[in-house]
Amino acid sequence: MYMGAIDRGSAVTVSFAADSANEGAAHLLVGHGRTGGEAAAESATVAPGAAASVSLTADDKGILRVYVDVATEADGGMLEVKSGGGVLTARAIEGDTTWVYAVV
Amino acid sequence: MTLGWGSGHNCLPLVTALSVVPLLGLPLSAQTARDSACAKELRARQPDVSVTERGGCFQLAVFLVAGRTDRFYQVKTEEAVEAIPLRDLQSTVSGDAATSGSPAQSEAVPTVQPMALGGGSVAAVGSDAGANAITALTLNPSIFLVDPRSREATARYSRLTDLTVFFPVDGLDRDDDGKVDYFGVRVRVNMTGLSQGSRLMDEAVRLFRGVITRETQHAEVFERVITAAPDVTECTDALLGASVEAERLERACGSAVEIDIREGEYEQLREALAVAREEADARYFGLDLRLDVGDPTLGAVAGASGTSLVGGLAFGKRFVSAEAVGPSAGLRGRLGVRYLALDDTSVTQFAVDGGLAFEASRPLERERVDLSAGFEFRFGGPDGLEEALQTNFLVFRASLSVPMTDATSVSLGVSAPIMGEISPTLTINANWGLLLPAR
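Rules behind the numbers
- Residues numbered from 1 in each chain as written.
- Chains lettered and ligands numbered in written order.
- Predicted model: local features only at pLDDT ≥ 70, side-chain atom pairs only at ≥ 80, totals over all residues.
- Helix = DSSP H or I, 4+ residues; strand = E, 2+ residues; numbered from the N terminus.
- Buried ≥ 20, exposed ≤ 12 C-beta atoms within 10 Å, placed from the backbone.
- Contact = placed C-beta atoms within 7 Å.
- Nonpolar A, V, L, I, M, F, W, Y, C, P; charged D, E, K, R; others polar.
- Pairing = 2+ DSSP bridges.
- Axes fitted to C-alpha atoms, helices over the stretch in contact; angles between N-to-C directions.
- Arc of directions from axis to C-beta.
- Parallel < 35°, antiparallel > 145°, perpendicular 65-115°, else oblique.
- Left-handed = near helix turned anticlockwise from the far one by under 90°.
- pLDDT = per-residue confidence, 0-100.
- Core = buried A, V, L, I, M, F, W, Y, C linked by C-beta atoms within 7 Å.

Trainee: Just checking my understanding: could you explain the overall build of chain A for this structure?
Mentor: Looking only at helices and strands, one finds zero helices and nine strands in chain A. Each of the 104 residues in chain A was classed as buried or not, and the buried ones make up 60%. Partitioning the intrachain contacts of chain A with sequence separation of at least 6 by distance along the chain shows that 70% fall at a separation of at least 24.

See below:
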């Protein structure tokens with residue numbers, strides 16, 4: 001799901017707090033694709049009831065994709081994207097979820 | 001020529017503009033005007049997200065990439081989940097009926113991963129007490145609390161806890177005192193294991209980077225196409241369309257576009273994540289609670305009758321292979337405290353009780369061949385009463401479990417004391433487990 005624009009050079013932190021009732025571990029992946037260059041990506045594995053954060057710098061024009069891969073459609077949690085100290089997006093999610101930002 | 005944009009098969013949508021549309025020799029003012037038009041178009045389609053004037057066409061291009069590719073990240077649709085047979089939601093790593101700590105124990109160090117619905121075992125036991133038969137029945141309380149038609153709840157709660165009762169069937173009351181000579185109750189509670197990075201996750205991240213790199217290339221191409229398009233709205237509609245004709249696309253966007261579909265890359269990513277999750281879930285951590293009433297030596301040691309309660313923590317870790325049905329190896333351990341009150345004396349005692357074992361497993365469809373070997377110990381209590389208290393020992397245990405059908409297996413277990421006054425045992429267990437409905 002397209003979620004908006006992020007300023008180039010911003011430090012981005014993505015946090016996921018998994019529901020304690022989740023059936024299995026969730027993967028949090030954050031990737032930054034740069035125009036004319038290689039992508040960077042970071043990840044964390046989040047056990048049910050646990051939380052994790054992933055940070056990277058959106059240092060070039062391109063795409064920033066956040067992907068939460070959960071064990072079952074009923075698994076979920078709270079996903080939050082911060083950029084430059086402010087909250088860009090924060091929502092409760094259920095099932096596999098992907099958010100996409102344009103880095104401009 | 002009709003181009004398939006996304007019918008959901010193996011080689012599908014991503015879009016690459018063939019003709020590298022000259023991006024163009026547009027004057028700055030024209031470029032700015034086009035970015036503004038793109039930003040306006042994006043705001044109309046996504047009123048709730050932030051859109052900046054700067055880079056408006058690139059933002060619209062990223063929006064198009066998301067529209068074309070998001071679904072490849074989200075394949076566990078409700079329909080797909082509904083299509084999964086209930087039986088496939090059943091955990092494949094649960095143990096057998098819990099006879100841990102009794103003469104009927106077959107596993108070197110028992111797991112605390114519960115049975116999905118329930119099951120049982122009948123064990124033929126050879127020990128210093130002679131030959132005995134012990135039967136165990138296990139029930140998962142989730143079968144009373146969860147509607148089996150609720151697939152997610154079934155998958156979740158069937159992995160939480162179970163309760164086992166066992167007793168000898170070849171002589172419940174040998175001393176004719178009107179009481180059962182020996183029985184035990186076991187409760188296993190599976191709590192969530194810790195998760196952390198792994199080699200398998202590194203591979204998934206590498207694939208993710210490749211996917212993102214390609215998506216960014218597509219966004220660049222989309223930006224060029226939109227920037228040069230005669231009409232932003234028409235071109236955006238055409239690029240978002242589920243199925244388009246190349247001619248129409250060229251007419252709407254002013255440039256030839258060819259579809260270059262790599263859904264396989266997304267499939268690879270999802271498979272890598274699934275394997276990495278299996279590795280994360282191959283760990284368990286839980287409670288191992290045991291109550292024994294009566295004589296656990298089955299009459300071999302005078303004065304050993306009593307009531308004991310063991311509370312402990314158990315953990316396990318399997319090292320899974322990159323193949324979904326590949327062999328795996330792992331470690332199991334447990335550590336707890338036993339409290340014992342003997343019946344014939346006023347002796348009470350606390351002891352440390354634990355074990356550590358290596359396990360190897362080979363999946364066969366839903367069944368597995370399991371081999372394990374390790375050590376169990378118990379230390380604590382006064383000297384001179386070791387036999388009656390069944391303490392101060394170190395014992396080697398090994399077991400082999402071979403599946404017979406989806407729901408039945410035969411286990412062979414041996415134990416040999418390395419130190420201490422405890423009987424060696426040989427057990428042969430016939431195990432069965434209840435299966436969730438196939439449909």
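Trainee: Got a minute to help me understand the overall build of chain B in this structure?
Mentor: The helix and strand tally for chain B stands at eleven helices and 16 strands. Within chain B, the proportion of its 439 residues that are buried is 43%. Intrachain contacts of chain B at a sequence separation of at least 6 include 65% that bridge at least 24 residues.

Trainee: Just to check I follow, could you spell out the interface of chain B and chain A for this structure?
Mentor: Interface extent is often summarised as the accessible area lost during association of the parts. Listed per partner, the contact involves 43 residues of chain B and 40 residues of chain A. Of the residues assigned to the side of chain B that touches chain A, the class counts are 19 nonpolar, 13 polar and eleven charged.

Trainee: Honestly, the sheet that holds strand 4 (residues 40-46) of chain A in this entry has me stumped. Any pointers?
Mentor: Neighbouring strands of a sheet are bound in pairs by backbone hydrogen bonds; such pairs are parallel or else antiparallel. With mixed pairing, the five strands of this open sheet are ordered in space as 1-9-6-3-4 (chain A). Among the strands making up the open sheet, the edge pair consists of strand 1 (2-6) and strand 4 of chain A. On average, each strand axis in the sheet is inclined to that of its neighbour by 15°, with strand direction left out of account. Pairing of strand 3 (residues 26-34) of chain A with strand 6 (residues 62-69) of chain A involves eight bridges; the strand directions are antiparallel. Bridging across to strand 6 of chain A, glycine 31 of chain A finds its partner in arginine 65 of chain A. On the sheet, helix 2 (residues 56-69) of chain B packs against strand 1, strand 6 and strand 9 (97-103) of chain A and is oriented at approximately 160° with respect to strand 9 of chain A.

Trainee: Explain helix 9 (residues 246-253) of chain B to me, please; I cannot follow it from the model alone.
Mentor: An α-helical turn contains 3.6 residues, so any two residues separated by three or four positions project in the same direction. Residue and element names in this part refer to chain B. Within helix 9 the residues assigned to the buried category are Leu249, Ala252 and Cys253. End-on view of helix 9: buried residues confined to an arc of 80°, all on one side of the axis. Following helix 9 by one or two positions, glycine 254 has its phi on the positive side, about 80°.

Trainee: Hey, could you run me through the packing of helix 8 (residues 232-240) of chain B against helix 9 of chain B in this one?
Mentor: Helix-helix packing: each pair is described by the crossing angle between the helix axes and the interaxial distance. Residues and elements named next belong to chain B. Contact geometry for helix 8 and helix 9: axes closest at 8 Å, N-to-C directions at 150°. Viewed along their axes, helix 8 and helix 9 adopt a mutual orientation that is roughly antiparallel. Here helix 8 runs over helix 9; the crossing is left-handed. Contact residues: Glu234, Cys235, Ala238 and Leu239 in helix 8; Arg248, Leu249, Ala252 and Cys253 in helix 9.

Trainee: Just checking my understanding: could you explain the sheet that holds strand 8 (residues 86-94) of chain A for this structure?
Mentor: All names here are of chain A. Spatially, four strands are ordered 5-2-7-8 in an open sheet, and the strand pairing comes out antiparallel. Lying at the two open borders of the sheet, with one neighbouring strand each, are strand 5 (51-58) and strand 8. For this sheet, the mean angle separating the axes of adjacent strands, direction not counted, is 15°. Relative to strand 5, strand 2 (residues 10-18) runs antiparallel, the two sharing eight bridges. Following the sheet pairing, alanine 11 is matched in strand 5 by threonine 57.

Trainee: How should I be thinking about the pairing of strand 7 (residues 76-83) of chain A in this particular structure?
Mentor: It is a general feature of regular strands that their side chains alternate between the two faces of the sheet. Residue and element names in this part refer to chain A. Pairing analysis gives seven bridges linking strand 2 to strand 7, with the strands arranged antiparallel. Directly across from valine 14, in strand 7, lies its bridge partner valine 81. Note that strand 7 and strand 8 share eight bridges and pair antiparallel. Each residue of the ladder has a partner; that of glycine 76, found in strand 8, is glutamate 94. What sits between strand 7 and strand 8 in their antiparallel hairpin is a turn of two residues, with glycine 84 showing a positive phi close to 60°.

Trainee: Even after reading the chapter, I still don't get the confidence of the model for chain B, so can you show me in this structure?
Mentor: Low pLDDT marks stretches whose predicted atomic positions should not be read closely. All names here are of chain B. For chain B, per-residue confidence averages 80 on the pLDDT scale, and 78% of positions sit at 70 or higher. Long-range and interchain partners of residues 1-23, a stretch whose pLDDT sits below 50, account for 61 contacts in this model, where long-range means more than four residues apart. Prediction confidence for the complex, expressed as pTM and ipTM, is 0.58 and 0.96 respectively.

Trainee: Can you walk me through the nonpolar core in this structure?
Mentor: Generally speaking, a soluble globular protein has its nonpolar side chains buried in company with each other. Residues and elements named next belong to chain B. Within the largest apolar cluster, 79 residues are counted, with the highest numbers of intra-cluster contacts made by Ala61, Val62, Ala204 and Ile226. The leading source of residues in this core is helix 7 (residues 199-228), at 14 residues. Not counting residues within four places of it along the chain, the set of residues in contact with isoleucine 226 comprises Cys38, Cys57, Leu60, Ala61, Val232, Cys235 and Thr236. Core analysis: the next-biggest nonpolar cluster, separate from the first, contains eight residues, Ala123, Val125, Ile134 and Ala136 among them.

Trainee: Would you mind going over the environment of alanine 40 of chain A with me for this structure?
Mentor: All names here are of chain A. Following the sequence through the fold, alanine 40 ends up in strand 4. Here the alpha-carbon distance between alanine 40 and valine 30, two residues ten residues apart in the chain, equals 8.4 Å. The residues contacting alanine 40, other than those within four sequence positions of it, are Gly31, His32 and Leu56.

Trainee: Whenever I open this one, helix 8 of chain B confuses me. Can you help?
Mentor: Considered for burial, the residues of helix 8 of chain B that qualify are Val232, Cys235, Thr236, Ala238 and Leu239 of chain B. One side of helix 8 of chain B carries all its buried residues, which in axial view fall inside an arc of 160°.

Trainee: When you look at unusual backbone geometry in this model, what are you seeing that I'm missing?
Mentor: Negative phi values dominate among residues other than glycine, just as trans dominates among peptide bonds. One non-glycine residue, glutamine 390 of chain B, adopts positive backbone phi at about 50°. Relative to the assigned elements, glutamine 390 of chain B resides in the loop between helix 11 (386-389) and strand 14 (393-403).

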